Amino acid sequence: MVTRVIGIPDADGVIRIACGGDIIEIEIPGAKPASGGGSTNPGPGAVPPNPGDVPGTYLRVSVTADGKLDVEQLLQDLRHPWSDPTKSRPRMVLLQARQPDLHELSQMGKQIGKIADNLPLVIDFGDPGSSKK
């Protein structure tokens, strides 16, 4: 199974992924960050540069008190859509993280795929920018 992820870079055009205790930094030259209001190559079915600006179209992944992704709450939200018929079904799952764990992302992607096969997982790496901060 493939876990497809859309990454929105930070202010320096960088995304960071944790894997086995290491941090992988991927720099996207010319990328405009989510807070900058732009996108490098949106393409078909793209999410807006700042998905949080579009109410009612995404599910936010929350974090538990111990700092873990609250996948159970996310899955419950996916299984039981909102009772308000005026709200549209979610078009994406949004995770705001500085350096998410690759293994957690893969597991979460598999679980999302069992419920909503074509719902994209979008990671907003935020605006801190440089790893020197």
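In the block above lies the structure referred to throughout.
Here is what the cut-offs are and how they apply
Residues numbered from 1 in each chain as written. Predicted model: local features only at pLDDT ≥ 70, side-chain atom pairs only at ≥ 80, totals over all residues. Heavy atoms only, no water. Helix = DSSP H or I, 4+ residues; strand = E, 2+ residues; numbered from the N terminus. Buried < 20%, exposed > 50% of the residue type's maximum accessible area, 1.4 Å probe, protein only. Contact = heavy atoms within 4.5 Å. Areas by Shrake-Rupley, 256 points an atom, 1.4 Å probe, with all protein chains shown as cover. Polar contact = N/O pair within 3.5 Å; in protein donor to acceptor, adjacent residues only side chain to side chain. Salt bridge = Lys/Arg side-chain N within 4 Å of Asp/Glu carboxyl O. Expected span 1.5 Å × (residues − 1). Arc of directions from axis to C-beta. Pairing = 2+ DSSP bridges. Axes fitted to C-alpha atoms, helices over the stretch in contact; angles between N-to-C directions.

Topic: the overall build of the chain
And then number 1: Along its length, the chain carries two helices and six strands.
And then number 2: The 133 residues of the chain split such that 34% are buried.
And then number 3: Considering only contacts within the chain whose residues lie at least 6 apart along the sequence, 66% involve residues at least 24 apart.
And then number 4: Summed over its atoms, the accessible surface of the chain is roughly 8,200 Å², and 49% of this surface lies on carbon and sulfur atoms.

So, the side chain of D10
And then number 1: Considering the arrangement of structural elements, one finds D10 in the loop between β1 (5–8) and β2 (14–19).
And then number 2: Assessed through its relative accessible area of 1%, D10 is described here as buried.
And then number 3: Within the local environment of D10, its side chain forms a polar contact with the backbone nitrogen of D12, the two atoms lying 2.9 Å apart.

Quick notes on the pattern of salt bridges
And then number 1: Under the criterion given, the structure shown has two salt bridges.
And then number 2: Salt-bridge contacts for R16 lead to E25; the nearest nitrogen and oxygen are separated by 2.9 Å.
And then number 3: The exposure class of R16 is buried, given its relative accessible area of 9%.
And then number 4: By sharing partners, the salt bridges in this structure join D10, R16 and E25 into a single network.

Things to note about helix α2 (residues 102–115)
And then number 1: Counted at 1.5 Å a residue, the expected span for α2 with its 14 residues is 20 Å, and the 21 Å between its end C-alpha atoms agrees.
And then number 2: Within α2, burial applies to L105, M108, G109, I112 and G113. When α2 is viewed along its axis, its buried side chains cluster within an angular range of 140 degrees and face the same direction. Turned more than 90 degrees from where α2 packs its buried face, H103 and K114 sit exposed.
And then number 3: Elements that come into contact with the buried residues of α2 comprise β2, α1 (71–79), β5 (92–96) and β6 (121–124).

Some thoughts on the sheet that holds β5
And then number 1: Here we have four strands laid out as an open sheet, ordered β1-β6-β5-β4, and parallel in their pairing. Two strands close off the open sheet at either side, each with one partner strand: β1 and β4 (58–60). Mean inter-strand twist for the sheet, computed between neighbouring axes without regard to direction, equals 25 degrees.
And then number 2: Pairing analysis gives four bridges linking β1 to β6, with the strands arranged parallel. Across the sheet, I8 pairs through a bridge with D124, a residue of β6.

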